[in-house]
Amino acid sequence: RALAVAPTEQKNRALAAMERAIRAGAPAILAANAEDVAEVRANGATSAFIDRLTLTEARVHAMADGIRVIHDIADPVGAVTESWQRPNGMTIERVRVPLGVVAVIFESRPNVAADAGVLCLKSGNAVILRGGSDSLRSCRAIHECLVQGLREAGLPEAAITLVPTRDRAAVGLLLTGLNG
(Lines give C-alpha, C1' and ligand atoms only; values in the text may rest on other atoms or scores of the structure.)
Protein backbone atom coordinates (compact mmCIF):
# COMPACT_ATOMS: atom_id res chain seq x y z
CA ARG A 1 0.00 0.00 0.00
CA ALA A 2 2.83 2.42 0.81
CA LEU A 3 4.20 2.10 -2.73
CA ALA A 4 0.80 2.55 -4.35
CA VAL A 5 0.47 5.99 -2.77
CA ALA A 6 4.15 6.96 -2.70
CA PRO A 7 4.79 10.25 -4.47
CA THR A 8 6.92 10.22 -7.62
CA GLU A 9 9.66 12.20 -5.86
CA GLN A 10 10.00 9.56 -3.13
CA LYS A 11 10.12 6.69 -5.63
CA ASN A 12 12.73 8.59 -7.65
CA ARG A 13 14.80 9.19 -4.51
CA ALA A 14 14.78 5.43 -3.92
CA LEU A 15 15.77 4.76 -7.54
CA ALA A 16 18.64 7.26 -7.40
CA ALA A 17 19.86 5.68 -4.16
CA MET A 18 19.61 2.21 -5.74
CA GLU A 19 21.66 3.34 -8.71
CA ARG A 20 24.36 4.71 -6.39
CA ALA A 21 24.27 1.55 -4.25
CA ILE A 22 24.69 -0.72 -7.30
CA ARG A 23 27.67 1.32 -8.50
CA ALA A 24 29.25 1.41 -5.04
CA GLY A 25 28.41 -2.23 -4.40
CA ALA A 26 29.90 -3.48 -7.66
CA PRO A 27 32.88 -5.18 -5.93
CA ALA A 28 30.57 -7.11 -3.56
CA ILE A 29 28.17 -7.99 -6.39
CA LEU A 30 31.05 -9.24 -8.56
CA ALA A 31 32.54 -11.26 -5.68
CA ALA A 32 29.17 -12.93 -4.99
CA ASN A 33 28.74 -13.59 -8.70
CA ALA A 34 32.21 -15.14 -8.93
CA GLU A 35 31.16 -17.66 -6.27
CA ASP A 36 27.98 -18.49 -8.20
CA VAL A 37 29.91 -18.89 -11.45
CA ALA A 38 32.59 -21.07 -9.84
CA GLU A 39 29.92 -23.37 -8.43
CA VAL A 40 28.07 -23.87 -11.72
CA ARG A 41 31.33 -24.27 -13.62
CA ALA A 42 32.38 -27.02 -11.17
CA ASN A 43 29.01 -28.69 -11.74
CA GLY A 44 29.56 -28.80 -15.51
CA ALA A 45 27.29 -25.99 -16.72
CA THR A 46 27.40 -25.08 -20.40
CA SER A 47 29.32 -22.05 -21.58
CA ALA A 48 26.05 -20.38 -22.65
CA PHE A 49 24.60 -20.86 -19.16
CA ILE A 50 27.77 -19.53 -17.56
CA ASP A 51 27.64 -16.47 -19.82
CA ARG A 52 24.03 -15.71 -18.79
CA LEU A 53 24.99 -16.03 -15.13
CA THR A 54 28.23 -14.05 -15.31
CA LEU A 55 28.30 -10.42 -14.29
CA THR A 56 31.15 -8.17 -15.34
CA GLU A 57 31.89 -4.64 -14.27
CA ALA A 58 30.29 -3.46 -17.51
CA ARG A 59 27.14 -5.51 -16.84
CA VAL A 60 26.87 -4.16 -13.30
CA HIS A 61 27.20 -0.61 -14.59
CA ALA A 62 24.58 -1.40 -17.25
CA MET A 63 22.26 -2.43 -14.39
CA ALA A 64 22.84 0.94 -12.75
CA ASP A 65 22.31 2.71 -16.08
CA GLY A 66 19.01 0.85 -16.45
CA ILE A 67 17.90 2.12 -13.05
CA ARG A 68 18.67 5.66 -14.23
CA VAL A 69 16.48 5.08 -17.31
CA ILE A 70 13.56 3.97 -15.11
CA HIS A 71 14.16 6.94 -12.80
CA ASP A 72 13.85 9.31 -15.76
CA ILE A 73 10.60 7.97 -17.22
CA ALA A 74 7.29 9.51 -16.25
CA ASP A 75 5.53 7.95 -13.29
CA PRO A 76 2.77 5.75 -14.73
CA VAL A 77 0.66 5.75 -11.56
CA GLY A 78 -2.39 7.95 -11.95
CA ALA A 79 -1.86 8.60 -15.66
CA VAL A 80 -5.12 8.90 -17.58
CA THR A 81 -4.85 6.76 -20.71
CA GLU A 82 -8.33 7.34 -22.07
CA SER A 83 -11.24 9.60 -21.25
CA TRP A 84 -14.72 9.97 -22.71
CA GLN A 85 -17.97 11.75 -21.98
CA ARG A 86 -21.24 9.84 -21.67
CA PRO A 87 -24.45 11.32 -23.12
CA ASN A 88 -25.64 12.07 -19.57
CA GLY A 89 -22.54 14.25 -18.99
CA MET A 90 -20.61 11.73 -16.88
CA THR A 91 -16.89 11.59 -17.62
CA ILE A 92 -15.30 8.16 -17.60
CA GLU A 93 -11.52 7.75 -17.44
CA ARG A 94 -9.15 4.85 -17.73
CA VAL A 95 -6.42 5.46 -15.15
CA ARG A 96 -3.21 3.49 -14.55
CA VAL A 97 -3.06 2.01 -11.06
CA PRO A 98 -0.67 -0.39 -9.34
CA LEU A 99 -1.47 -4.11 -9.30
CA GLY A 100 -0.34 -4.60 -5.68
CA VAL A 101 2.20 -7.39 -5.35
CA VAL A 102 4.00 -8.91 -8.32
CA ALA A 103 5.87 -12.22 -8.16
CA VAL A 104 8.79 -12.55 -10.58
CA ILE A 105 10.47 -15.93 -11.07
CA PHE A 106 13.60 -15.92 -13.21
CA GLU A 107 16.61 -18.10 -13.90
CA SER A 108 20.35 -17.55 -14.28
CA ARG A 109 20.32 -13.80 -15.07
CA PRO A 110 20.89 -12.04 -11.74
CA ASN A 111 20.51 -8.60 -13.33
CA VAL A 112 16.78 -9.38 -13.62
CA ALA A 113 16.56 -8.83 -9.84
CA ALA A 114 17.41 -5.16 -10.36
CA ASP A 115 15.33 -4.79 -13.53
CA ALA A 116 12.17 -6.29 -12.02
CA GLY A 117 12.63 -4.59 -8.67
CA VAL A 118 12.93 -1.08 -10.07
CA LEU A 119 10.17 -1.50 -12.66
CA CYS A 120 7.79 -2.64 -9.93
CA LEU A 121 8.83 0.21 -7.66
CA LYS A 122 8.30 2.85 -10.35
CA SER A 123 4.83 1.43 -11.09
CA GLY A 124 3.86 1.45 -7.40
CA ASN A 125 3.98 -2.32 -6.92
CA ALA A 126 5.68 -4.45 -4.32
CA VAL A 127 7.61 -7.40 -5.75
CA ILE A 128 8.70 -10.83 -4.61
CA LEU A 129 11.77 -11.96 -6.53
CA ARG A 130 12.69 -15.62 -6.95
CA GLY A 131 15.94 -15.97 -8.84
CA GLY A 132 17.45 -19.22 -9.99
CA SER A 133 19.23 -21.34 -7.42
CA ASP A 134 22.44 -20.84 -9.40
CA SER A 135 22.36 -17.08 -8.91
CA LEU A 136 21.31 -16.79 -5.26
CA ARG A 137 24.51 -15.13 -4.02
CA SER A 138 24.48 -12.60 -6.86
CA CYS A 139 20.79 -11.85 -6.33
CA ARG A 140 21.35 -11.34 -2.61
CA ALA A 141 24.09 -8.78 -3.27
CA ILE A 142 21.93 -6.92 -5.80
CA HIS A 143 18.89 -7.12 -3.53
CA GLU A 144 20.84 -5.51 -0.68
CA CYS A 145 21.52 -2.51 -2.93
CA LEU A 146 17.83 -2.24 -3.79
CA VAL A 147 16.84 -2.41 -0.13
CA GLN A 148 19.39 0.28 0.68
CA GLY A 149 17.63 2.55 -1.80
CA LEU A 150 14.22 1.82 -0.27
CA ARG A 151 15.62 2.52 3.19
CA GLU A 152 17.19 5.83 2.13
CA ALA A 153 13.90 7.00 0.62
CA GLY A 154 11.83 5.97 3.65
CA LEU A 155 9.96 3.22 1.82
CA PRO A 156 9.27 -0.22 3.34
CA GLU A 157 12.23 -2.56 2.91
CA ALA A 158 9.85 -5.46 2.24
CA ALA A 159 8.58 -3.68 -0.89
CA ILE A 160 11.26 -5.60 -2.81
CA THR A 161 11.61 -9.04 -1.28
CA LEU A 162 13.96 -11.79 -2.38
CA VAL A 163 13.02 -15.41 -1.67
CA PRO A 164 16.06 -16.31 0.46
CA THR A 165 16.42 -19.98 -0.40
CA ARG A 166 17.48 -22.29 -3.20
CA ASP A 167 14.69 -24.69 -2.31
CA ARG A 168 12.49 -25.08 -5.38
CA ALA A 169 9.50 -25.84 -3.13
CA ALA A 170 9.61 -22.17 -2.11
CA VAL A 171 8.09 -21.26 -5.48
CA GLY A 172 5.08 -23.47 -4.80
CA LEU A 173 4.74 -22.02 -1.30
CA LEU A 174 5.02 -18.53 -2.72
CA LEU A 175 2.30 -19.13 -5.29
CA THR A 176 0.07 -20.84 -2.73
CA GLY A 177 0.49 -17.90 -0.38
CA LEU A 178 -0.43 -15.41 -3.09
CA ASN A 179 -3.57 -17.34 -3.98
CA GLY A 180 -4.71 -18.11 -0.48
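Data block above holds the structure.
About the cut-offs
Residues numbered from 1 in each chain as written. Predicted model: local features only at pLDDT ≥ 70, side-chain atom pairs only at ≥ 80, totals over all residues. Heavy atoms only, no water. Helix = DSSP H or I, 4+ residues; strand = E, 2+ residues; numbered from the N terminus. Contact = heavy atoms within 4.5 Å. Areas by Shrake-Rupley, 256 points an atom, 1.4 Å probe, with all protein chains shown as cover. Pairing = 2+ DSSP bridges. Core = buried A, V, L, I, M, F, W, Y, C linked by side-chain atoms within 4.5 Å. Buried < 20%, exposed > 50% of the residue type's maximum accessible area, 1.4 Å probe, protein only. Salt bridge = Lys/Arg side-chain N within 4 Å of Asp/Glu carboxyl O. Axes fitted to C-alpha atoms, helices over the stretch in contact; angles between N-to-C directions. Parallel < 35°, antiparallel > 145°, perpendicular 65-115°, else oblique. Left-handed = near helix turned anticlockwise from the far one by under 90°. Nonpolar A, V, L, I, M, F, W, Y, C, P; charged D, E, K, R; others polar. Expected span 1.5 Å × (residues − 1). Arc of directions from axis to C-beta. Right-handed = clockwise from strand over helix to strand, strands pointing away.

**Q** Give a detailed account of the overall build of the protein, specifying residues and quantitative values.
**A** Of the regular secondary structure elements, the protein holds eight helices and five strands. Restricting the contact set of the protein to residue pairs at least 6 apart, pairs at least 24 apart contribute 73%. Carbon and sulfur atoms form 56% of the exposed surface of the protein, whose accessible area is close to 9200 Å².

**Q** Give a description of the pairing of strand S2 (residues 91-95) that names residues and reports values.
**A** Relative to S2, strand S1 (residues 80-85) is paired through five bridges, and the arrangement is antiparallel. Counted as the bridge partner of glutamate 82 is arginine 94 from S2. Counted along the chain from S1 to the antiparallel partner S2, the turn is five residues long, and its residue glycine 89 has a positive phi close to 95 degrees.

**Q** Hey, could you go over unusual backbone geometry for me, with residue numbers and the actual values?
**A** Most peptide bonds adopt trans geometry, and most residues besides glycine take a negative phi value. For serine 108, which is not a glycine, the phi torsion comes out positive at approximately 55 degrees. Locating serine 108 in the fold gives a position in the loop between strand S3 (101-105) and helix H6 (111-122).

**Q** Talk me through the nonpolar core; I want residue IDs and the actual numbers.
**A** In globular proteins that are soluble, nonpolar side chains generally tend to be buried together. Grouped together as the largest cluster of nonpolar side chains are 39 residues, with contacts concentrated most on Met18, Ile22, Ile29, Leu121, Leu129, Ile142 and Leu155. Beyond its immediate chain neighbours, meaning those up to four positions away, isoleucine 142 contacts Ile22, Ile29, Leu55, Met63, Pro110, Asn111, Ala113 and Ala114.

**Q** Outline the pattern of salt bridges, supporting the account with residue identities and numerical values.
**A** Scanning the model with the defined rule gives 14 salt bridges in all. Between arginine 23 and aspartate 65 there is a salt bridge, and its shortest N-O distance comes to 2.5 Å. Linking arginine 23 in helix H2 (residues 8-24) with aspartate 65 in helix H5 (residues 57-72), this pair joins segments that are 42 residues apart in sequence. You can call arginine 23 partly exposed: its relative accessible area is 30%. Residue aspartate 51 is joined to arginine 59 by a salt bridge in which the shortest nitrogen-to-oxygen separation is 3.2 Å. Exposure remark for aspartate 51: the relative accessible area of 42% places this residue in the partly exposed category. In this structure, a network of salt bridges that share partners links the residues Glu19, Arg23, Asp65, Arg68 and Asp72.

**Q** Can you lay out the packing of H6 against helix H7 (residues 136-152) for me, pointing to particular residues and giving the numbers?
**A** Where H6 meets H7, the closest approach of the two axes is 8 Å, and the angle between their N-to-C directions is 25 degrees. One finds that H6 runs roughly parallel with respect to H7. The chirality of how H6 crosses H7 is right-handed. Here H6 contributes Asn111, Ala113, Ala114, Val118 and Leu121 to the contact with H7, which in turn contributes Cys139, Ile142, Leu146 and Leu150. Residues of the contact of H6 with H7, tallied by class, amount to eight nonpolar, one polar and no charged.

**Q** So, H5: which residues are in play, and what are the values?
**A** Spanning 16 residues, H5 covers 23 Å between terminal C-alpha atoms, matching the ideal 22 Å at 1.5 Å per step. By the burial criterion, the buried members of H5 are Val60, Met63, Ala64, Ile67, Ile70 and His71. One face of H5 carries all of its buried residues, which in axial projection span an arc of 115 degrees. Exposed and facing more than 90 degrees away from the buried side of H5 are Ala58, Val69 and Asp72. Close packing links the buried residues of H5 with H2, helix H3 (26-42), H6 and H7.

**Q** Residues and numbers for the pairing of S3, please.
**A** Residues Val102 and Val104 point to one face of S3 and are all buried, whereas Val101, Ala103 and Ile105, pointing to the other face, are not buried. Across five bridges, S3 lies against strand S4 (residues 126-130) in parallel orientation. Bridge pairing in S4 places valine 101 opposite alanine 126. With H6 bridging S3 and its parallel neighbour S4, the resulting β-α-β unit is right-handed.

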